[in-house]
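# Structural features, examined
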Amino acid sequence: MRLFSTLLKHVLYRLDNLAYKKWNNQPFSIKPISNKEKYYDLWTKASLKNNPEVNQYEETTGYKIENDWLNNLALRTQIVIKKSELNYAHGKILYSSLREYISRNKTNLENLVILETGTARGFSSLCMAKALNDSNISGSILTFDVLPHTKKIYWNCITDHIEGPITRQELLEPWKYLVDKYIIFHQGYSNIELKKIGLQRINFAFLDGAHTYEDVLFEFNIIEKHQEDGDIIVFDDYNEKLFPGIVKAVNEISNKFGYEKKIIKSFNDRSYVVARRTC
Ligand SMILES: C[S@@+](CC[C@H](N)C(=O)[O-])C[C@H]1O[C@@H](n2cnc3c(N)ncnc32)[C@H](O)[C@@H]1O
């Protein structure tokens, strides 16, 4: 039995390497996709976009992330070459929602726990880290993605031309103080890794990884067991046309599990949902 288990461990190790091979070896491209000027141009256009409903939401919560800080972070972590329009308003939603959550619960909070699926380049994790830091509160952000944290890759972003292939750790170097203080990066498929974690409470979560009905419900089912009245889950891409699975899952969650949902519309049919547990 012991021999069999040792053998299985070796097989598992090899399978694991194989499963992540495509993510560890230049998942975006083997060379820079475009030039520095193009990324700057996209950045300027994206930073000028107006989001009336998102602005309104910020006002309702009473908290608004600093624009310059957000735009600087976006340049390294959001401005990529892709078909759909660039939109990083989720950073604003996360910051305002988390700060409001903290202000509501401050007297009961010691070590706030945040769980995120879909780290990508680290943008959303850092917006949440800034909310913790600006609120002067201790906490941990546990973030999952199939992408590696310590492998040098081209990220399809402005650093590709200046710094060549770099790790996510290097990409986020300008925000090292926030990364070191709050964020724990974990490489892995959420439907394999989430069930292995041992957390008492998940105060706040952001689900932005796999965009299917099954995956979102799977992630939710793990998270909700660790949430209490008032705790929050934010969902990105609540869009019937592009992501019907997310819409179906979020609607079910709010109908069956007592999560009150607030839908915030952005431009280009992109919407976010802030779901608050009510029992
Ligand atoms: C839309 S991006 C996340 C964007 C990020 N939250 C941000 O603000 O920049 C989705 C990410 O989820 C990751 N992902 C997709 N399916 C996943 C899964 N099953 N488990 C873990 N990560 C996944 C992808 O690799 C990708 O980086």
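Everything that follows concerns the structure shown earlier in this document.
In what follows, the accompanying structure is described. (Residues numbered from 1 in each chain as written. Predicted model: local features only at pLDDT ≥ 70, side-chain atom pairs only at ≥ 80, totals over all residues.)

## Side note on the packing of helix α12 (residues 213-224) against helix α13 (residues 244-256)
Rule in force here: Interaxial angle, 0 to 180 degrees, is taken between N-to-C directions of lines fitted to C-alpha atoms, where a helix line uses only the stretch in contact. In this description a helix means any DSSP run of H or I spanning at least four residues, a strand means any run of E spanning at least two, and both kinds are numbered starting from the N terminus. Here is the rule for handedness: rotate from the far helix to the near one, and if that takes an anticlockwise turn smaller than a right angle the crossing is left-handed, while a clockwise turn gives right-handed. Residues are scored as being in contact if the C-beta atoms we place from backbone atoms lie within 7 Å. Asp, Glu, Lys and Arg are counted as charged, while Ala, Val, Leu, Ile, Met, Phe, Trp, Tyr, Cys and Pro are counted as nonpolar; the rest, among them Gly, fall into the polar class.
Running from amino to carboxyl end, α12 crosses α13 at an angle of 35°, the nearest separation of the two axes being 7 Å. Remark: the crossing between α12 and α13 carries right-handed chirality. Contact residues: Y213, V216, L217 and F220 in α12; G245, I246, K248, A249 and I253 in α13. Here the residues of the contact of α12 with α13 are counted per class, giving seven nonpolar, one polar and one charged.

## Structural notes on the site of the ligand
Basically, it comes down to this: Any residue qualifies as near a molecule or strand once its backbone-derived C-beta atom lies within 6 Å of it.
Close to the ligand lie 18 residues; G118, A120, F123, S124 and G209 are nearest. If you list the elements that add at least two residues to the shell around the ligand, you get α7 (123-134) and β2 (138-145). Here the shell around the ligand is built from residues that sort into seven nonpolar, seven polar and four charged.

## What to know about the packing of helix α6 (residues 90-105) against α7
Rules: Roughly parallel covers angles under 35 degrees, roughly antiparallel covers those over 145, roughly perpendicular covers 65 to 115, and oblique covers all other angles.
Between α6 and α7, the shortest axis-to-axis distance is 9 Å and the interhelical angle comes to 30°. Comparing the axis directions of α6 and α7 gives the class roughly parallel. When the axes of α6 and α7 are compared, the crossing they make is right-handed. Counting all contacts with α6, which are made through H90, G91, L94, Y95, L98 and R99, the residues of α7 involved are F123, S124, C127, M128, K130, A131 and D134.

## Regarding the pairing of strand β1 (residues 111-117)
A regular strand carries its side chains on alternate faces of the sheet. For clarity, the cut-off: Note on burial: count the other C-beta atoms lying within 10 Å of the residue's C-beta; 20 or more is buried, 12 or fewer is exposed, in between is partly exposed, and C-beta positions come from the backbone. A crossover gets the label right-handed when its path from the first strand over the helix to the second runs clockwise, viewed with the strands pointing away from the viewer.
Here β1 lies mainly inside the structure; five of its seven residues are buried. Following the chain from β1 across α7 to the adjacent parallel β2, one finds a crossover that is right-handed.

## Details of the pairing of strand β4 (residues 204-207)
For clarity, the threshold we go by: Strand pairing is assigned whenever DSSP identifies at least 2 bridges connecting the two strands.
The two faces of β4 match: F204 and F206 on one face and A205 and L207 on the other face are all buried. By the bridge criterion, four bridges tie β1 to β4 in an arrangement that is parallel. Paired with E116 across the two strands is F206, which belongs to β4. Sheet topology places β4 next to strand β5 (residues 232-235); four bridges connect them, and they run parallel. Paired with L207 across the strands is F235, a residue of β5. Crossover connection from β4 via α12 to parallel β5: handedness right-handed.

## What to know about helix α1 (residues 2-19)
The line we're drawing: How far a helix is expected to stretch is found by multiplying one less than its residue total by 1.5 Å.
Counted at 1.5 Å a residue, the expected span for α1 with its 18 residues is 26 Å, and the 25 Å between its end C-alpha atoms agrees. Little of α1 is tucked away, with zero of its 18 residues classed as buried.

## Quick notes on the sheet that holds strand β7 (residues 271-277)
With mixed pairing, the seven strands of this open sheet are ordered in space as β3-β2-β1-β4-β5-β7-β6. A strand with exactly one partner marks an edge of an open sheet, and here the two such strands are β3 (183-187) and β6 (259-265). In this sheet, adjacent strand axes meet at a mean angle of 15° when their direction is disregarded. Summarising the sheet, β5 and β7 pair through four bridges and their orientation is antiparallel.

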